[in-house]
Amino acid sequence: MERYDWKRVLRTNILKLKVVGLWPPDDELYKPNAYTLWAICSITILNVGHNFFQMVNMIFVFDDLHDLVQATYITLPQVVALMKTYYVVRNMKILKELMVTLSSDMFQPKNDRQVKMIKPSFSFWRVNYVMYWTMSSGAMFFWSVYPILDKSIKEYPLPFLAWYPWNTKASPMYELTYLHQIVALLFIASTAMSVDTLIAALNIYIGAQFDILCDDIKHLFDPDSALISFNQKLISIIKHHKEIVKFAANTNKFANWIILAQFFTSAGTIGITLFQMTAVAPLSSEFFSCIAFTFSMTLEIFIYCWFGNEVEIKSRNVVYTVFKSNWTDASMEVKKNMIFFVMRCQRPVKMSALNLFYLSLDTFMRILRAAWSYFALLNQVSSR
């Protein structure tokens, strides 16, 4: 059977990470070369620089609730994107090791049946990928052109509130600053979305491996595969399970702080964006940007929680699959090994953020409820 290319689903994602300086060529790490220089320059100028000017501006508008909210709901996720950049660079070795593990023989599907079995998960990931990028692109479009659509371009407004040590109300500094903000927005958004969908894909890989493992267990005692002893095949399955658990642990190690930062800020960001939506003119470009941004932020949390929840569900299926195999005809040695295997598999694999909370649909609903609470609080404070 032809080898299955696990990276195929991530080709577009990897390409975008390469562009923003977060994916050294092949399985290499950062080295003293042109690509590393590009990564340093682009991240410093576009990511760090843009965040710095926006955060300084928040100091000057701290006493104005409207301006503070307008600055916060955009700046907060961009600061999280900066954190994602840092932890991707810091944990690049772990990430590249995960990619190497995916290419190992143990992680390969054994037949066409297993390939067909794992395809629905990747198809659903692609649907969420397209929806996420569509919603985010809509928000970026309206942010970028709202001074033009609102016909306020003569007043030299910038897409985002920020402080600069030069006069942005005069040409050509206005045009250059405007261009910097748009390019930085595209860069930061591409970074954040690519990292989010990459982590979701890693969770899909874990779930797919559990699907393959369950299929191997289900057909453990098929007579057409009796060339190898049942006990040897069971030992191979146990080793595969250990590698999956190790892969999940390394994925958690890579994404721990990213998920933690994302989840702690998402509820506040969604709540502030909903409040901002009530403060802008209805049907204006800012209004539509708030709608698109709210949907993209909600979808961002959903893909974390959904695919993390799938890992737990599929890891639980291993225990039940053991009893679907024709284990009653197995030898006593095989039965004993199966008992130990089942006892280990009773502890499901759960994706978490530093074990503070787990990626699950229950967590997703909690974040949405917290976001609504923030919105209600801001609305109440504003009405006073």
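Residues numbered from 1 in each chain as written. Predicted model: local features only at pLDDT ≥ 70, side-chain atom pairs only at ≥ 80, totals over all residues. Heavy atoms only, no water.

**Q** Before we move on, could you go through the packing of aromatic side chains and cite the residues and values that matter?
**A** On inspection of all chains with the given rule, the structure shows 27 aromatic pairs. For the pair Phe-53 and Trp-166, a centre-to-centre distance of 5.8 Å together with 75° between the ring planes defines the contact as edge-to-face. Placement of Phe-53 in helix H2 (residues 34-60) and of Trp-166 in the loop between helix H5 (112-149) and helix H6 (173-218) is noted, with a sequence separation of 113 residues between them. One aromatic cluster in this structure is built from Phe-124, Phe-302, Trp-306, Phe-307 and Phe-364. Over the face of the ring belonging to Trp-133 we find Lys-16, whose NZ or CZ atom lies 3.4 Å from the ring centre. The ring of Tyr-358 is capped by Lys-350, whose NZ or CZ atom sits 5.0 Å from the centre of that ring. (Phe/Tyr/Trp six-rings, centres within 6.5 Å; stacked < 30°, edge-to-face > 60°. Helix = DSSP H or I, 4+ residues; strand = E, 2+ residues; numbered from the N terminus. Lys NZ or Arg CZ within 6 Å of the ring centre and 35° of its normal.)

**Q** Quick one: what's the story with the layout of surface pockets, residue by residue and with numbers?
**A** By volume, the second largest pocket is sized at about 280 Å³. As for the second largest pocket, its lining consists of 13 residues, of which Phe-263, Phe-357, Thr-363, Arg-366 and Ile-367 are closest to the centre. Broken down by element, the lining of the second largest pocket gets its largest block of residues, six residues, from helix H10 (residues 361-383). Of the residues in the lining of the second largest pocket, the class split is eight nonpolar, three polar and two charged. (1 Å grid on protein atoms, 1.4 Å probe; cavity = no way out; pocket = protein on both sides within 12 Å on 5 of 7 lines; lining within 4 Å. Points joined across faces, edges and corners; volume = space filled by probe spheres on them. Nonpolar A, V, L, I, M, F, W, Y, C, P; charged D, E, K, R; others polar.)

**Q** Mind laying out empty space enclosed by the protein, listing which residues take part and the relevant values?
**A** A complete count under the given rule lists two cavities of 30 Å³ or more for this structure. As a volume, the largest cavity reaches approximately 290 Å³. Residue lining of the largest cavity: 23 residues in total, with Pro-77, Ala-189, Ala-192, Phe-293 and Met-297 positioned closest to the centre. Every element with two or more residues in the lining of the largest cavity is listed here: helix H3 (65-90), H5, H6, helix H7 (230-279) and helix H8 (285-322). A per-class count over the lining of the largest cavity returns 15 nonpolar, six polar and two charged. Here the second largest cavity defines a volume of roughly 80 Å³. In terms of lining residues, the second largest cavity is bounded by 13 residues, among which Gln-70, Tyr-73, Ile-74, Pro-159 and Phe-160 are the most central. Elements supplying a minimum of two residues to the lining of the second largest cavity: H3, H5 and H8. The element that contributes the greatest number of residues to the lining of the second largest cavity is H3, accounting for five residues. Tallied by class, residues from the lining of the second largest cavity come to eight nonpolar, four polar and one charged.

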